[in-house]
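# Commentary on secondary and tertiary structure
Below, each chain spelled out in residue letters.
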Amino acid sequence: EPEVTQTPSHQVTQMGQEVILRCVPISNHLYFYWYRQILGQKVEFLVSFYNNEISEKSEIFDDQFSVERPDGSNFTLKIRSTKLEDSAMYFCASSSEQYFGPGTRLTVT
Amino acid sequence: GEDVEQSLFLSVREGDSSVINCTYTDSSSTYLYWYKQEPGAGLQLLTYIFSNMDMKQDQRLTVLLNKKDKHLSLRIADTQTGDSAIYFCAARGAGKLIFGQGTTLQVKP
C-alpha cells in the first residue's frame, strides 16, 4: 500500500536556525498538507497546497514558514528562523482522504 | 469558529466494546474521520464517513453519524490491548481537517 514518508524523523535545532522538513506524498495525489501537533495539544492545520501553490493557510503559517514542491515528488516545509514554540510534531498529509506521514519531531533548543 | 470536541479518556476491559464520541460544529463538514495514534507514532487513518451516510462498518469498527446533532461515534468491538492508543476525530469542510483533542483509550487485560 502506498504511503506518505517524511524525513527526518527527529530534528534538533537551535533557536534562530532554519529547518527544512521533507515529505514524499503518495504519487498521483494532487493535494498536500502540513499539520503540526504541539505536545499534548490538538493537531493543527498549517497549510494546504494544490497545483503548485498555497490554497489555504492558517494564522500559524506566518512569514517564517514557506512550502515548496521543488521536484514534483518532494514537498517541503521551511521554517526560516525557528522559535522555541515551533517545537512540535509536524505531519505531512496527501490527498483529500488525508493520508498522514509518520511525522517529524522538531525540537528547538 | 469550527470546533471538534471529544472526551479525553476511556477505559475498558479487553473483550468489551469501546465507544468513543465526538461532536463538531461545522454543519458543512463533508467527511468525518477517525485516526489512531500510538505513542511516538504518526496518525493512522482508521476510517471515514461521508456526511450523507448514517453508518459505516469496517470489520471491528462501526462509525455512527447523527448529522442533525453533529455527533459522531466510533465503536470498536471486542477491544484488544493493541487498541490502546489515542483516537482523534476530525471533520473536513473545504479541504483542511479540524481535529478534536483526542480520546485516550486504555484497555485493561
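All of these numbers come straight from a predicted model, not from anything done at the bench. (Residues numbered from 1 in each chain as written. Chains lettered and ligands numbered in written order. Predicted model: local features only at pLDDT ≥ 70, side-chain atom pairs only at ≥ 80, totals over all residues. Heavy atoms only, no water.)

## Here we look at the overall build of chain B
What chain B contains, in helices and strands, is zero helices and eleven strands. What you see in chain B, going N to C, is helices and strands ordered as β-β-β-β-β-β-β-β-β-β-β. If one aligns the C-alpha atoms of chain B with their principal axes, the spans along those axes are about 40 × 30 × 20 Å. In chain B, the share of contacts with a sequence separation of at least 24, taken over all contacts with a separation of at least 6, comes to 55%. (Helix = DSSP H or I, 4+ residues; strand = E, 2+ residues; numbered from the N terminus. Contact = heavy atoms within 4.5 Å.)

## Overview of the sheet that holds strand S8 (residues 75–79) of chain A
Residue and element names in this part refer to chain A. With respect to topology, four strands assemble into an open sheet ordered S1-S3-S8-S7, the strand pairing being antiparallel. Single-partner strands in this sheet number two, and they are strand S1 (5–7) and strand S7 (65–68). On average, each strand axis in the sheet is tilted by 20 degrees relative to the strand beside it, whichever way the strands run. Taken together, the three bridges between S1 and strand S3 (residues 19–24) define a ladder with antiparallel strand orientation. Within the sheet, the bridge partner assigned to Thr5 lies in S3 and is Val24. (Pairing = 2+ DSSP bridges. Axes fitted to C-alpha atoms, helices over the stretch in contact; angles between N-to-C directions.)

## Some words on the interface of chain A and chain B
Tallying the contact residues gives 15 residues for chain A and 20 residues for chain B. Across the interface of chain A and chain B, roughly 1,400 Å² is buried in total on both sides, 56% from carbon and sulfur atoms. Counting the contacts that link chain A with chain B gives two salt bridges. Between Asp3 of chain B and Lys42 of chain A there is a salt bridge; the shortest N-O distance is 3.0 Å. Remark: the boundary between chain A and chain B carries six residue pairs in polar contact (both at pLDDT 80 or more). Take the side of chain A that touches chain B: its biggest share by element is three residues, from strand S4 (residues 31–37) of chain A. Counted by class, the side of chain A that touches chain B contains eight nonpolar, four polar and three charged residues. (Buried area = accessible area lost by both parts, 1.4 Å probe. Salt bridge = Lys/Arg side-chain N within 4 Å of Asp/Glu carboxyl O. Polar contact = N/O pair within 3.5 Å; in protein donor to acceptor, adjacent residues only side chain to side chain. Nonpolar A, V, L, I, M, F, W, Y, C, P; charged D, E, K, R; others polar.)

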